[in-house]
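Working through the structure, step by step
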Amino acid sequence: MSEKIQIPPEITIRPAQTGDGEFLKPILETWIRNSETGDVIEDEVQSVVSSVEESANGNHERQYFIAEEAGGRVLGMVGIREPDALMAEYTQSDNPTEIINAFVDSNSRGRGIGSKLFDHIESVASAQGRSEVILNSGPRYKNTAHGFYNGRYGQPTAVINDHYGTGVHAPVWRKEL
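Residues numbered from 1 in each chain as written. Predicted model: local features only at pLDDT ≥ 70, side-chain atom pairs only at ≥ 80, totals over all residues. Heavy atoms only, no water.

We now examine the nonpolar core. Among the nonpolar cores identified, the biggest contains 37 residues, and Leu 24, Leu 28, Met 77, Ile 99 and Phe 103 are the most heavily contacted of them. Among the secondary structure elements, those contributing two or more residues to this core are helix 1 (20–31), helix 2 (42–56), strand 2 (62–69), strand 3 (74–81), strand 4 (96–104), helix 4 (113–127), strand 5 (132–136) and helix 5 (145–153). Sort the elements by how many residues they give to this core and helix 4 lands first, with six residues. In contact with Ile 99, other than residues within four places in its own chain, are Val 78, Gly 79, Ile 80, Phe 118, Ile 121, Val 133, Ile 134, Leu 135 and Tyr 153. Formed by six residues, the second largest nonpolar core is a distinct cluster that contains Met 87, Ile 134, Ala 158 and Ile 160. (Core = buried A, V, L, I, M, F, W, Y, C linked by side-chain atoms within 4.5 Å. Buried < 20%, exposed > 50% of the residue type's maximum accessible area, 1.4 Å probe, protein only. Helix = DSSP H or I, 4+ residues; strand = E, 2+ residues; numbered from the N terminus. Contact = heavy atoms within 4.5 Å.)

This is how it looks when you write it as structure tokens:
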């Protein structure tokens, strides 16, 4: 008797739509937490939700993309924007974009969702004529996202000292497109 192999439902990547914030909030609340107390950082969660909703409603300062499986269940997100002044110091090309707010549902990790999101965002950036992607990540994601970024982009190319507070440094990764 052969074992049944469960194939995960198809995962699609699409632009953010109005109302996605409601579905993203539980994902964000899993990850956006005070590293010392474990408490959800509500104002930061709300800031990301608001940015996604603004993007969906036509504010193009940031672009967000959503991963969902067949049936419409939201599994993750990622965004891009013009690098801010600090991040621009770490770029090495004339037309970079900054990857921001990358999150995947904690129960869906290991299914290739992050890779699909990043493949898509790099494709979008390239189609927009961008020459590189750059991102940073705080230490609260050291045991999760940093491994993904190292696997995708290699070791960080720089570290922003005190970026998230005194003694709280942020590694920087980049990739030419």
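After that view, the rundown keeps rolling.
With that settled, the discussion passes to the sheet that holds strand 1 (residues 11–15). Strand order in the open sheet made by the seven strands is 1-2-3-4-5-7-6, with mixed pairing throughout. In the strand order of this sheet, the two ends are held by strand 1 and strand 6 (158–160), each with one partner. The sheet shows a mean angle of 30 degrees between the axes of neighbouring strands, taken without regard to direction. Sitting on the sheet, helix 2 touches strand 2, strand 3 and strand 4, and the angle it makes with strand 2 is about 95 degrees. (Pairing = 2+ DSSP bridges. Axes fitted to C-alpha atoms, helices over the stretch in contact; angles between N-to-C directions.)

What follows is about helix 2. Between its first and last C-alpha atoms helix 2 spans 21 Å; for 15 residues at 1.5 Å apiece the expected length is 21 Å, and the two agree. Those residues of helix 2 lying buried are Val 45, Val 48, Val 49, Ser 51, Val 52, Glu 53 and Ser 55. The elements touched by buried residues of helix 2 are helix 1, strand 2, strand 3 and strand 4. Two residues or fewer past helix 2, Gly 58 is found with a positive phi of approximately 105 degrees. (Expected span 1.5 Å × (residues − 1).)

Given two aromatic rings, one states the distance between the centres and the angle between the planes to describe the pair. Following the criterion strictly, the structure yields six aromatic pairs and no others. The interplanar angle of 75 degrees and the centroid separation of 5.2 Å between the aromatic rings of Phe 118 and Phe 148 together place this pair among those described as edge-to-face. Within this pair, whereas Phe 118 is found in helix 4, its partner Phe 148 is found in helix 5, the two being separated by 30 residues in sequence. Note on Phe 148: relative accessible area 28%, which makes it partly exposed. Between the aromatic rings of Phe 118 and Tyr 149, the centroid separation amounts to 5.9 Å while the plane-to-plane angle is 45 degrees, which identifies the pairing as tilted. In this pair, Phe 118 sits in helix 4 while Tyr 149 sits in helix 5, placing the two residues 31 residues apart along the sequence. Across the pair, exposure class does not vary: Phe 118 and Tyr 149 are buried alike. (Phe/Tyr/Trp six-rings, centres within 6.5 Å; stacked < 30°, edge-to-face > 60°.)

The next subject is the pattern of salt bridges. What the rule picks out here adds up to 14 salt bridges. Between Glu 69 and Arg 111 there is a salt bridge whose closest N-O contact spans 3.4 Å. With Glu 69 in strand 2 and Arg 111 in the loop between strand 4 and helix 4, this residue pair connects regions lying 42 residues apart in the sequence. When its relative accessible area of 11% is taken as the criterion, Glu 69 is described as buried. (Salt bridge = Lys/Arg side-chain N within 4 Å of Asp/Glu carboxyl O.)

Of all the positions in helix 5, only Ala 145, His 146, Tyr 149 and Tyr 153 are classed as buried. Looking straight down helix 5, one finds its buried side chains confined to an arc of 95 degrees; they lie on one side. In the stretch just after helix 5, Gly 154 is the one whose phi turns positive, near 85 degrees. (Arc of directions from axis to C-beta.)

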